[in-house]
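# Inside the fold
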Amino acid sequence: MTIRESITNLAEAMHILEQLENPEYLEANGISPEEVPELKKVAEELVAKSQDEAKPFIEYKLRNRQEAQIFVAGLDAEIKRLMELKSSHDKKIASADKQIDYLLKLFKIEKMQTEINELSYRKSEAVVFTDEEAIPSEYKKEKTTISVDKTEIKKALKSGTEVPGATIEVRQNLQIK
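This one's a predicted model, so the numbers in the text were calculated from it and none came from an experiment. (Residues numbered from 1 in each chain as written. Predicted model: local features only at pLDDT ≥ 70, side-chain atom pairs only at ≥ 80, totals over all residues. Heavy atoms only, no water.)

### Let's talk about the overall build of the protein chain
Keep this limit in mind: Starting at the N terminus, helices and strands are each numbered in turn, a helix being any DSSP run of H or I of at least four residues and a strand any DSSP run of E of at least two. The globule rule used for comparison is 2.2 Å times the number of residues to the exponent 0.38, while the radius of gyration itself is calculated over C-alpha atoms. Residue contacts follow a heavy-atom distance rule, with two residues in contact if any of their heavy atoms lie within 4.5 Å. Note on areas: Shrake-Rupley, 1.4 Å probe, and residue coverage restricted to the protein chains presented here. The charged-residue count follows a simple rule in which Lys and Arg add positive charge and Asp and Glu add negative charge, with His and chain termini not counted at all. Note on charges: their place is set at NZ of Lys, CZ of Arg, CG of Asp or CD of Glu.
Tallying secondary structure elements over the protein chain gives five helices and two strands in all. Its helices and strands in sequence order give the protein chain the pattern α-α-α-α-β-β-α, from N to C terminus. At 34 Å, the protein chain has a C-alpha radius of gyration far larger than the 16 Å of a compact globule built from 177 residues. C-alpha extents for the protein chain along the principal axes are approximately 100 × 50 × 30 Å. Within the protein chain, contacts between residues at least 6 apart in sequence are counted, and of these 34% link residues at least 24 apart. When the accessible surface of the protein chain is totalled, it reaches about 16700 Å², and 55% of it is carbon and sulfur. In the protein chain, the 28 positive side-chain charges and the 34 negative ones have mean positions that sit 10 Å from each other.

### Some points on unusual backbone geometry
Formally: Exposure is judged per residue with a 1.4 Å probe applied to protein chains only, and the accessible area is read against the type maximum: over 50% gives exposed, under 20% gives buried, and values in between give partly exposed.
The residue lysine 108 is not glycine, and still its phi comes out positive at about 50°. Secondary-structure assignment places lysine 108 in the loop between helix H4 (36–106) and strand S1 (111–113). Judged by relative accessible area, which is 71%, lysine 108 ranks as exposed.

### Brief notes about helix H5 (residues 150–158)
Applied cut-off: In protein, a polar contact means a hydrogen-donor-capable atom and an acceptor-capable atom, both N or O and within 3.5 Å, with residues adjacent in sequence counting only if both atoms are side-chain atoms; elsewhere, any N or O pair within 3.5 Å suffices.
Regarding H5, its N-cap is aspartate 149, as a side-chain oxygen of that residue lies 3.2 Å from the backbone nitrogen of threonine 151 further along. Two residues or fewer past H5, glycine 160 is found with a positive phi of approximately 100°.

### Focus on the pattern of salt bridges
Rules: Here a salt bridge means any side-chain nitrogen of Lys or Arg lying within 4 Å of a carboxyl oxygen belonging to Asp or Glu.
Summed over the entire model, instances satisfying the criterion amount to six salt bridges. Among the salt bridges present, the one from lysine 86 reaches aspartate 90, with a minimum N-O distance of 2.9 Å. Of the two residues, lysine 86 and aspartate 90 are both situated in helix H4; the distance of four residues between them amounts to about one turn of the helix. With a relative accessible area of 47%, lysine 86 lands in the partly exposed category. On the basis of relative accessibility, which here comes to 37%, the residue aspartate 90 falls in the partly exposed class.

### What to know about the side chain of glutamine 19
Its place among the elements puts glutamine 19 in helix H2 (residues 10–19). Once you skip the residues sitting within four places of it in the chain, glutamine 19 turns out to touch Tyr25 and Leu26.

### Focus on a nonpolar patch on the surface
The cut-off we apply is this: Surface patches are defined over residues having more than 30% relative accessible area and no salt bridge, joining like charges when they lie within 9 Å and nonpolar side chains (Val, Leu, Ile, Met, Phe, Trp, Tyr) when within 5 Å.
Together, Phe71, Leu75, Ile79 and Met83 make up a nonpolar patch on the protein surface, roughly 430 Å² of accessible area in all. Turning to its location among the elements, leucine 75 is positioned in helix H4. We classify leucine 75 as partly exposed; its relative accessible area is 39%.

On their own, these measurements won't tell you what the molecule is for.
Now the structure itself:
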């Protein structure tokens, strides 16, 4: 079987193109260095042919993506509108609570039953700081946060300094404009 016959689908072609620089792969698959140029040519031809066939599907997926983006933008606007509406009603609730509290205290009503609710007061305790600086240190807690500076680590690695526990990973990020 020739190399050309061994590459039967796009996945194989793309895999072979990725591995052509890997000597272990070539040796494990019995591919000699002389066969690499022909193998690369065959794989690239199949990939190029497949790329042309894939373009309409990619364009279809891009249209789906654009429709989803439009839908998400609409959802974001609706979420914003609903959050503003909720905030408005939360303020109405807080205002009504204050007014009810004021009226109950004004008329010295400790307990009241209505058709909808039962109103009453319960005791609670809360610590109020009159001067936080005057509080003794034994009643204070210190919080420390440690974070890793990725920017400085990246600079160090790029300059050739070895940073234990860190490496630079080269990525390809899809950009759609």
